Amino acid sequence: MRPSPRRPAFRSLLLLLLLSGCAFGGDSTPTTVRTGSPSPATAPRGSATASGTAAATGSPVTTVANTVAIPTASTTPAPSATPASTVRPVVPTPTPQPVPKPNPKGDQTLTMPGPQTLPDTLDPALIRDNSTTLLVRQVWRGLVRLDDALNVVPDIAADYAKSADGRTMTFYLRSSARFQDGRQITAEDVAFSLRRACDPATARGVTPQNLPAASGLNDIVGCTDRLNGRTADVAGIAVLDPLTLTITLDAPKAYFLQKLTLVVASVIDRNDLARGAGWSTAKPNGSGPFRLAGWAGDAITLTRWEGFYDQVATLEKVTLLVGARAANAANLYDDNKVDIASVGYTAVDRLNAATASTRGQLRVTPQLSTFYIGINTKLAPLDAFNIRAALVRVIDRQKIQAAAYDGKVAPAKGIIPPAIPGGDWTANFPILDAKTAKELLPPDKAKALSPIVYGSSGGTSVGTVIKTAAERDLGLQISVEDELRFDDLLSDLDASQYGLFVLGWIADYPDPENFLVPLFHTGAPANHGNYSSPKVDDLLDRAAVEQDAKKRTDLYRQAQQQILDDVAIIPLYHPTDYTLVKPYVKGLSITAMGILRLETVWIERDTPAASSIFPAAAPTARTTPAPLPPAPTATKKP
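If you're wondering where the values come from, they're calculated on a predicted model, not measured in any experiment.

A word on the pattern of salt bridges
- One pass over the structure, following the stated rule, counts 25 salt bridges.
- Of the charged contacts, one joins Asp-219 and Lys-259 as a salt bridge, the two residues approaching to 2.8 Å between their closest N and O atoms. Residue Asp-219 is located in the loop between α3 (213-216) and α4 (223-227), and its partner Lys-259 is located in helix α5 (residues 256-259); the two are separated by 40 residues in the primary sequence. In this structure, Asp-219 and Lys-259 share a single accessibility class: buried.
- Residue Asp-225 pairs with Arg-230 through a salt bridge whose shortest N-O separation is 2.7 Å.
- On the accessibility criterion, Asp-225 (29% relative accessible area) is partly exposed.
- Taken together, the shared-partner salt bridges in this structure form one network comprising Arg-141, Asp-155, Arg-597 and Glu-599.

Some words on the side chain of Thr-591
- When you line up the elements, Thr-591 lands in the loop between β23 (585-586) and β24 (602-603).
- Accessibility expressed as a relative area gives 3% for Thr-591, which makes it buried.
- A distance of 2.9 Å separates a polar atom in the side chain of Thr-591 from the backbone nitrogen of Met-593.
- Among the polar contacts made by the side chain of Thr-591, one reaches the main-chain carbonyl oxygen of Gly-594 at a distance of 2.7 Å.

Considering the nonpolar core
- Ranked by internal contacts, the top residues of the largest apolar core, which has 84 residues, are Leu-143, Phe-171, Leu-217 and Leu-260.
- Residue contacts for Leu-143: discarding those within four places in its chain leaves Pro-154, Asp-155, Ile-156, Ala-157, Phe-171, Leu-173, Val-190, Leu-245, Ile-247 and Leu-260.
- Residues Ile-395, Leu-449, Val-465 and Ile-570 belong to the second largest nonpolar core, which totals 51 residues.

Notes on the sheet that holds strand β11 (residues 299-304)
- Across the sheet, four strands lie side by side as β3-β12-β11-β10; this open sheet has mixed pairing. In this open sheet, the two edge strands, each paired with only one partner strand, are β3 (109-113) and β10 (290-295). Taking the axes of each pair of neighbouring strands and ignoring which way they run, one obtains an average angle of 20° across the sheet.
- Running at roughly 25° to β11, helix α1 (residues 130-139) makes contact with β3, β10, β11 and β12 (317-321) of the sheet.

Some details on the sheet that holds strand β8 (residues 237-241)
- In spatial order, the strands read β6-β7-β9-β8; together these four strands make up an open sheet with antiparallel pairing. A strand with exactly one partner marks an edge of an open sheet, and here the two such strands are β6 (157-162) and β8. Direction aside, neighbouring strands of the sheet carry axes that sit 20° apart on average.
- Judged from the four bridges that link them, β8 and strand β9 (residues 244-248) form a sheet pairing that is antiparallel. Within the sheet, the bridge partner assigned to Val-239 lies in β9 and is Leu-245.
- Against the sheet, helix α2 (residues 187-197) engages β7 (168-173), β8 and β9, with an angle of about 175° to β8.

Some details on the packing of aromatic side chains
- All chains considered together, the criterion is met by six aromatic pairs.
- When the centroid spacing of 6.2 Å and the interplanar angle of 85° are considered together, the rings of Phe-520 and Tyr-531 count as edge-to-face. Taken together, the positions of Phe-520 in helix α13 (residues 513-520) and Tyr-531 in the loop between α13 and α14 (534-545) put the pair 11 residues apart, joining distant regions of the chain. This pair shows no difference in class: Phe-520 is buried, exactly as Tyr-531 is.

What about the pairing of strand β20 (residues 500-506)?
- Among the seven residues of β20, seven are classified as buried, and the element is accordingly described as predominantly covered.
- Side-chain alternation along β20 places Leu-500, Val-502, Gly-504 and Ile-506 on one buried face and Phe-501, Leu-503 and Trp-505 on a second face that is also buried.
- When strand β15 (residues 369-375) meets β20, the two strands line up antiparallel, connected through seven bridges. Looking at β20, one finds that Gly-374 is bridged to Phe-501.

Conventions used here
Residues numbered from 1 in each chain as written. Predicted model: local features only at pLDDT ≥ 70, side-chain atom pairs only at ≥ 80, totals over all residues. Heavy atoms only, no water. Salt bridge = Lys/Arg side-chain N within 4 Å of Asp/Glu carboxyl O. Helix = DSSP H or I, 4+ residues; strand = E, 2+ residues; numbered from the N terminus. Buried < 20%, exposed > 50% of the residue type's maximum accessible area, 1.4 Å probe, protein only. Polar contact = N/O pair within 3.5 Å; in protein donor to acceptor, adjacent residues only side chain to side chain. Core = buried A, V, L, I, M, F, W, Y, C linked by side-chain atoms within 4.5 Å. Contact = heavy atoms within 4.5 Å. Pairing = 2+ DSSP bridges. Axes fitted to C-alpha atoms, helices over the stretch in contact; angles between N-to-C directions. Phe/Tyr/Trp six-rings, centres within 6.5 Å; stacked < 30°, edge-to-face > 60°.

Right under this line is the structure:
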């Protein structure tokens, strides 16, 4: 894929995400979903693909007066800044959720479909696709992580505190945290890992501005300067003692802790780097609950690490099938060759039928992603508000959800997925009204709109639905194409060649900022609609530093409503994950961001698997780790 310096390194621009949404493939050919720097994917059965063609056509249209009242949310006055002298309490450690007590029975092995192709690397500083992210999270960990409810909780850090001005976070490490060779994880190890992620030398042929740190760690003072070669260090990272470090931000960003849950913030052993470019796939010295034990073209193997500082895994081995061995996941599941299988929506009714052997084994999870019709607000004739306002009034979003996707996705009620924590993200939309839509059009309206890039699925195309509505109700002609290569499409979007396009966006972290800022802030790399609103920019900038959760939510709601009122986007639907899980697989949590952890999983069955494509491993006895040297003491908290 051709890299683009304008493309974000850590936001997930997708071209019609696999509808089952999980990180380990569908019921046909598994899909690798790229985060930030997307790539073409082979679409499994039940998924859709999107592509596009030539540049926009049609003559400019003069905007006419808006004859329809469009509701606009009121604006909350800007909050006053918190004085630097204000004393703020230590950030409390979230109460951990109850963890079920494992009751293992039988071989503690788990087999599941993995990535479509063997990844080039597992280096956390370079990873930008979801299937590899699943692997990285098992082998390495960072200061904090997301729990099953998508709350930020301590991980290698035992606790953390925030400064009075909200800009400096102090992290206190667990004295029990170890690398997998037994060496203690120190604040220097954390600082090294974060600094390295911001080092342009880490890029290995990738434009430094496209490294995951460019948007994952860019709030840290000095990270962007380091990536751009302006400094030799990252000024915002400081080690206070062996178990304490501080991270200083360029502003009191309310979402920063969520960014620290990204794999780019994983803690690696610097000694691994001496082994060369392939260090991350050659049994690295990880910081997570599983060791990387096997790396082959058709399978990746993880084994339990007994010395993990938190919940030691019950599973002894996890095998992720790769490439052709991972194809047709539903069939592999039926043949008892995998224990988990993400499936496409067209298979859902069959798999959950009353007579199906898989009845009751299908888990349904709403996902943190949104598919939408993007609109280039600077390209004629769509630069005219009334053209956009007319179009949104004739596109039946409910019909697209029901007809094109058989009702297996959730109709979008806003840009922000409802599964994003923080409250109700439902927004106001104009009602379907062809009569009003026609009145909005100028008398000399253009007869042709620029082509729409769309995805087809199940023989029904989103583009066809839109084309039919625009021609029938408005007399506007839309060219529907689906042959453009994925990387060419992204380059063309960067060059603003499309007036209408269908895309998907999946969250890297569960925060509304991750949807609104990359897509709609003026000049944002993924703002392919060239949308610019001083009002929206102000709302988003204020929300970024607002420390009061309710006020922050209100600001994002206002920004979302204004974007919709300006018809800068037409949200279509939010995908749903459909995953088959064998009844004997216990403790597995599938979140709105997919599977995050495997150390909570165990196998509980009285008989061995009916069949397997791998020989059973000899039982591994649980051993007590060798005594470790005494840990240094962290500085006492304020």
